[in-house]
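Here is what each chain is made of, one letter per residue.
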Amino acid sequence: MKILVCIKQILDPDMPARDFKVNAETKEAERGGANLVTNIFCENALETALQIKEKTSGKVTALSYGTDDTEDSLRKALAMTVDEAALILREGDSNPDAEAVAKVLAAAITKLGEFDLILMGRESGDWGVGQTGGLLAEELGLPSLAFVDSIEANDGTLTMRRQTDSGTETATVTGPALALITNNEFNVPRIPKTRDVMMSYRKPLEKFSLADIGLSAEDVSGSSFYEVTDLSIPTKDVQCEFVEGDSIDEKIGVLASKIQPVVAANS
Amino acid sequence: MSNVIVVLFGNNGWDRSAEGAAGTGQRLAQSTGGNLNVVFLGDASKEARDGAAACAASVVVVNQPELAEYQPEAALEAAQKACAEISDTSVVLFGNDTYSQELVPRLAHRLGGCSLADVQGVTADGGQVLATRSAYGGKAMSTYSMKKTPVVLWVRARAMDPATPGAGGSLEEKAYELATPRLTITSRDVLESEGPSLEDASIIVSGGRGLGGPEAFENELKGLATAMHAVQGASRAACDAGWVPPNWQVGQTGKKVAPELYLAIAISGASQHLLGMGDSKMIAAINTDPDAPIFKHCSFGIVEDYKNVVAPLTEKLNSMG
Ligand SMILES: Cc1cc2nc3c(=O)[nH]c(=O)nc-3n(C[C@H](O)[C@H](O)[C@H](O)COP(=O)(O)OP(=O)(O)OC[C@H]3O[C@@H](n4cnc5c(N)ncnc54)[C@H](O)[C@@H]3O)c2cc1C
Ligand SMILES: Nc1ncnc2c1ncn2[C@@H]1O[C@H](COP(=O)(O)O)[C@@H](O)[C@H]1O
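On a predicted model such as this, the values are computed, not experimentally measured, just so you know.

Notes on the domain arrangement of chain A
Per the domain assignment, the segments of chain A are domain 1 (2-220) and domain 2 (237-267). Taken over C-alpha atoms, the centre of domain 1 of chain A sits 46 Å from the centre of domain 2 of chain A.

Details of the sheet that holds strand 7 (residues 128-135) of chain B
Hydrogen bonds between backbone groups are what pair the strands of a sheet, and the pairing can be parallel or antiparallel. A sheet is described by the order of its strands in space; here four strands give the open sequence 14(A)-8(B)-7(B)-6(B), paired in antiparallel fashion. Each having just a single partner strand, strand 14 (226-232) of chain A together with strand 6 (121-125) of chain B make up the two edges of the open sheet. Strand-to-strand twist in this sheet, taken as the mean axis angle between neighbours without regard to direction, amounts to 25°. As defined by bridge partners, strand 7 of chain B adjoins strand 8 (residues 140-146) of chain B across six bridges and the pair is classed as antiparallel. Considered in strand 8 of chain B, the bridge of Ser 134 of chain B is made with Met 141 of chain B.

What to know about the site of ligand 2
Residue and element names in this part refer to chain A. Neighbouring ligand 2 are 19 residues, the closest being Cys 6, Tyr 65, Ser 124, Gly 130 and Thr 132. Take Val 129: an N or O atom from its main chain is 3.4 Å from an oxygen atom of ligand 2. One of the backbone N or O atoms of Gly 130 is found 2.7 Å from an oxygen atom in ligand 2. Here ligand 2, which alone exposes 480 Å², has 96% of that area covered by the protein. Mapped by element, the contributors of at least two residues to the shell around ligand 2 are strand 6 (59-66), helix 3 (98-112) and strand 8 (117-121). At three residues, strand 6 tops the list of elements feeding residues into the shell around ligand 2. Taken together, the residues that form the shell around ligand 2 break down as nine nonpolar, eight polar and two charged.

Comments concerning the state of the cysteines
Under the counting rule described, the total for this entry stands at zero disulfides over all chains. Looking at Cys 6 of chain A, it has no disulfide partner, and the nearest cysteine sulfur is the one in Cys 42 of chain A, 8.1 Å off. On the basis of relative accessible area, Cys 6 of chain A is assigned to the buried category, the value being 5%. Just so you know, Cys 55 of chain B is unpaired, no disulfide at all, and the nearest cysteine sulfur is the one on Cys 83 of chain B, 16 Å from it.

With respect to the sheet that holds strand 15 (residues 241-242) of chain A
One open sheet holds the six strands; their spatial order is 15(A)-16(B)-15(B)-14(B)-12(B)-13(B), and the pairing between them is parallel. Two strands in the sheet have a free side with no partner beyond their single neighbour: strand 15 of chain A together with strand 13 (231-234) of chain B. Direction of pairing for strand 14 (residues 261-265) of chain B relative to strand 15 (residues 282-287) of chain B: parallel, over a ladder of five bridges. Bridge pairing in strand 15 of chain B places Leu 261 of chain B opposite Met 282 of chain B. Contacting strand 14, strand 15 and strand 16 (300-303) of chain B, helix 8 (residues 306-320) of chain B runs over the sheet at an angle of about 125° to strand 15 of chain B.

Details of the side chain of Gln 9 of chain A
All names here are of chain A. Structurally, Gln 9 is set in strand 2 (residues 9-11). You can call Gln 9 buried: its relative accessible area is 16%. Looking at Gln 9, its side chain comes within polar contact range of the main-chain oxygen of Asp 69, at 3.2 Å. In this structure the side chain of Gln 9 is engaged in a polar contact, spanning 3.4 Å, whose partner is the side chain of Ser 73. Ignoring anything within four residues of it in the chain, the contact list for Gln 9 reads Leu 36, Val 37, Thr 38, Asp 69, Thr 70, Asp 72 and Ser 73.

Rules and cut-offs
Residues numbered from 1 in each chain as written. Chains lettered and ligands numbered in written order. Predicted model: local features only at pLDDT ≥ 70, side-chain atom pairs only at ≥ 80, totals over all residues. Heavy atoms only, no water. Domains from an automatic or database assignment. Pairing = 2+ DSSP bridges. Helix = DSSP H or I, 4+ residues; strand = E, 2+ residues; numbered from the N terminus. Axes fitted to C-alpha atoms, helices over the stretch in contact; angles between N-to-C directions. Near = heavy atom within 4 Å. Polar contact = N/O pair within 3.5 Å; in protein donor to acceptor, adjacent residues only side chain to side chain. Areas by Shrake-Rupley, 256 points an atom, 1.4 Å probe, with all protein chains shown as cover. Nonpolar A, V, L, I, M, F, W, Y, C, P; charged D, E, K, R; others polar. Disulfide = S-S within 2.5 Å. Buried < 20%, exposed > 50% of the residue type's maximum accessible area, 1.4 Å probe, protein only. Contact = heavy atoms within 4.5 Å.

What follows is the structure, encoded as structure tokens:
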């Protein structure tokens, strides 16, 4: 099986809210002292791909549209034992819209060759628009399934399990397909072994310009899908009333007296 | 004039999500001077048909065997065909559920429009559609100016006001020629749950990593939830640990809820969790750490080990009747 995983590098979503600042001019978050990391669902997708490869043999390619900084994310993917990586260097808009990204990824995939399975994250941890996967499926004309948490490959048939609002569903598809991956306890990303980290520097990581994949900067700029016109940090004035009392019993009594009326009104 | 379409799944009936989506659709149609149209994918109950016809100028029920149960490709193609038959559409709205989330970008692409997810507010002034939503895992709010028509969105419909009944509209059943699907959903496994869903609950008792394991969910928190007539939820940390099913998760990548009361037990209050429950009417917390971010969003809280609080609180509430 040939599997391609699209990964996005983002500002560490675990940075504490108190350190989070936005630039009202550029309408983007300030990096400050925060790290750039691979979006967690993309890492879940990498793990899913590697597990399929280990069971069936084949090859896993990681692809990202980003900047030179994004090399770190791709290098980490290689250390997780991905076979090869490709980086399309971004031109223009630093927050390209989902359609622009999908166009770039589609052109890159066409350039890289044929794949049996394309994996994406369900959404990114920065803007979280969750549109790129569905748009890419349409660009490539592939069937797709969202919220997939495990995939089995058997003689060209893929069996995917996905999470729904009320439980799970299983789907089968023959031929190339795209899946948007969500996390579960079986696709927790592996920590690269020291040896594999060293090996990763010997693996191919190719960089391409937009021209290399047959696109011009105009093809993907100009926010033709949507444009962020405002980004701000909401202020909340909630004053928490901490329940006080001389004994724990007394505190619990106060707590119960606050909760009980709401319960009575809603049952 | 420009029209608005609300796309619903017949199987879901006229639920709170359908009401909220229709309400938002109606208000948008009023501001664009167009009509509200409702499309049901799959057969819809009489209640759903009546609910839609009471507020929409036209109701289309796409009723054919391929749509009896959700299949991604059939639903996508049917939605595409039904939307294409309505002219001059500015906005297509979906509710907040797995299938809507999956269809939105693909439908937008097919209709030549643009799309966005988890929209909390949408306006259409002078033809310009603006959508507001959380960004950066709930740390920021963002506004998007949408650039192509139609604008296809899934919205937090349950939190939106229902439509006001207007002149009854037309109702039509349709069926389309659909391509043979390449991908097929072959089985569905619905997790049993008693009472209302998390999204429809008036009171939620949620637990987090600080509970230390599944036992507290099954014992103490379940008892408290029963005493409070509440539905149980959880943080991602608790779901990821496998202590409770994934569909208990509240937050950015979980359920978006806005109950009358949300009680967070041993949950720190990360922005991604708050993104899913920050609009609750009243938030309360039990946490050992007085500096836990959750307290910045609480009306009231108690700084204590949950082990010392939950069981006696349950008893106290039960005795108060
Ligand atoms: C892209 C992305 C999406 C995410 N989506 C979600 C989401 O949808 N939902 C979500 O919840 N999270 C989500 N997260 C994760 C989120 O950032 C936090 O990691 C998570 O919410 C933490 O869960 P928690 O509060 O249970 O655990 P912790 O942050 O570890 O907090 C545990 C709390 O328990 C308290 N505690 C410990 N012992 C006790 C005790 N005995 N009694 C009382 N209190 C105690 C501690 O003081 C602490 O405040 C997401 C993260 C990312 C990056
Ligand atoms: N710049 C990018 N490069 C590679 N993949 C991306 C990029 N942006 C988004 N993706 C993919 O699309 C998924 C969803 O992202 P989004 O639509 O931005 O929420 C991510 O998890 C990635 O798999």
